[in-house]
Structures are given as structure tokens and as C-alpha cells.
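Here's the letter readout for the chains.
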Amino acid sequence: MVLPVAELTLYVDCVSPYSYFAYLNLCRYREILHRHRIKTQVVPFFLGGARDGNGSPYQEPPPVKAAWSAKDLAYTGRILGVKVKRPDVFPISSLYPVRVVTYIHTNFGAELTERSLVRLWEAYWTQGRDISSRQVIKDSLRPIFPDTSQLEAVLEGATTSSNKARTRETTDFLMKGGCFGAPWFVVTNSTGQTEQFWGNDRWDHVFQHLDVPFTPVTLLPPETSSQLHGKL
């Protein structure tokens, strides 16, 4: 068994579309990262708590920035193959859905955690459904937990004091490290140096810190096959 020599942890919140984008990119890079002996994991945290704790609460952007943001969401989603639009109700409190995914992460492992996150991202950022609602969460996770009693146990387990504490511990850990946004990366390279990065657009910084070979964004000449146009 080949042991990992470095580690990349992606911290995400289901209220954050850029967390969704970063996760989709991680899925694209994961196999090669593992070949470089880099362990990867995805961990939920409460973005609102970290932002408030670090003096950076959400503020409604001015109209010109909101319009730009909508365009950026659409473009990035198109590149990654997902349809994304700002929900009518935004922002919402993601505390309960994050607690739900934290419970899943603790009790059911990485695969079901990631599948659950995707279902919640799709519900909110594609379908525009309010995932702070217990019923919407229940509807979203039913394909993952088809057994009704098990799904109810997950929804109830999210509200236990131990799970609340675990959610708070993860969020406090990031907050103390300076976290104010999502996605948030905590990356330890092969020499044991740990750095933190913010944003789906900072993968080049992540790769540089990990000291893995990568190609930065590169403009191709016009004679390049048109089939490559716009592909990442």
C-alpha cells in the first residue's frame, strides 16, 4: 500500500455555489492527485458562522456587482457542465443542512457525504429550492437514503448536541485559521508545510504549494483544433 505524502482538504458549505464548483474541479483532479500520493477529502462547515466570527458577514452586493456575479455563475457552471442560477431566496441560513451533512460525514463516510452535498447544491443552485427547509432536505436526500426510518434518523441526528458540537468545532477551527469564505482549502505538502487558500479560482496556488506539475491557463494559437475551444 502506497501511503500519501501530502493532503488536500476542501471545506465547503452547500449555500456556496463556488464550493460546488471547487468540488466539481476536485472530482476532475482527484485521480491524478492520488497518483501524486496526495490524500483528498471534502468536509462541510458553516460558512455563516466563520464569516460572522471573523468580522466579514454577508452583505448584499450593489446591483452592478450582483449582475456580474450572475454572469460569472452561469459561465463557470457552463464550463463545468452544470446549470447554476441565483435562487430567488438568497442568502439562507445553511446551519441545519450543514449539520445534516456533518452527521452523514461522521456516520456514513465520504461517498455519501459527497453525494448528499451534490443533491443539496442541485436543489438550491439549479432548482432554486430552499434547503434550509427540513422537507426540502428530506426530498433531496431521499434517493441517497431510500429507507424512510434511516433518513429520519439522519435528520434527527443532525440536531443532537454531539453533532452540533462537531459542526461548531470544524467551523471554529477554520475561523481561527482566518477563514472568511468558501470554498476553503487546507493543504499540507510533502515537506509538512500547511497553507490555506480561498476560492475555486485558486487551484494554481494549491498545485504550486503541493509542488505538483500543472499547466496554467494557456491561450492556444488559432490553428488549434476548434474542438478544444473553451475546454478545460
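Residues numbered from 1 in each chain as written. Predicted model: local features only at pLDDT ≥ 70, side-chain atom pairs only at ≥ 80, totals over all residues. Heavy atoms only, no water.

Caption draft 1: Region of interest: the pattern of salt bridges. In this structure the tally under the stated criterion is 9 salt bridges. Two residues, Arg35 and Glu31, come together in a salt bridge whose shortest N-O distance is 3.7 Å. Linking Arg35 with Glu31, this pair stays in helix H1 (residues 17-35), spanning 4 residues, or about one helical turn. Classification of Glu31 by relative accessible area gives partly exposed; the value is 47%. For Lys138, the salt bridge is made with Glu152, and the minimal N-O distance between the two is 2.5 Å. Remark: Glu152 occurs in helix H7 (residues 148-157) and Lys138 occurs in helix H6 (residues 134-141); sequence separation between them is 14 residues. We classify Lys138 as buried; its relative accessible area is 17%. Members of the salt-bridge network, linked through shared partners, are Arg134, Lys138, Glu152 and Glu156. (Salt bridge = Lys/Arg side-chain N within 4 Å of Asp/Glu carboxyl O. Helix = DSSP H or I, 4+ residues; strand = E, 2+ residues; numbered from the N terminus. Buried < 20%, exposed > 50% of the residue type's maximum accessible area, 1.4 Å probe, protein only.)

Caption draft 2: Highlighting helix H8 (residues 161-176). With 16 residues, H8 ought to run about 22 Å at 1.5 Å a step, and its terminal C-alpha atoms sit 22 Å apart, in line with that. Those residues of H8 that fall on the buried side of the exposure criterion are Asn163, Thr167, Thr170, Thr171, Leu174 and Met175. Here the buried residues of H8 occupy an arc of 135 degrees about the axis, which is enough to place them on one side. Across H8 from its buried face, at more than 90 degrees, point the exposed residues Ser161, Glu169 and Lys176. (Expected span 1.5 Å × (residues − 1). Arc of directions from axis to C-beta.)

Caption draft 3: Quick look at the UniProt feature "active site" (unreviewed entry) in the protein. Annotation from UniProt places "active site" (unreviewed entry) at Ser16. Topologically, Ser16 is positioned in the loop between strand E1 (6-12) and H1. Using a relative accessible area of 5% as the deciding quantity, one classes Ser16 as buried. Those residues within four positions of Ser16 in sequence are excluded, and the remaining contacts are Leu47, Trp121, Trp125, Ala182 and Pro183. (UniProt positions renumbered as here; feature names shortened; annotations may be inferred. Contact = heavy atoms within 4.5 Å.)

Caption draft 4: Looking closely at the side chain of Ser140. Tracing the chain through its elements places Ser140 in helix H6. For Ser140, the contacting residues outside a window of four places in its chain are Arg119, Leu120 and Ala123.

Caption draft 5: Structural context of the environment of Thr113. Relative to the helices and strands, Thr113 is located in helix H5 (residues 110-125). Thr113 sits in the buried class, given a relative accessible area of 0%. Residues Thr113 and Val100 lie 13 residues apart in sequence; the distance between their C-alpha atoms is 9.5 Å. When sequence neighbours within four positions are dropped, the list of residues in contact with Thr113 reads Val42, Val101, Ile104 and His105.

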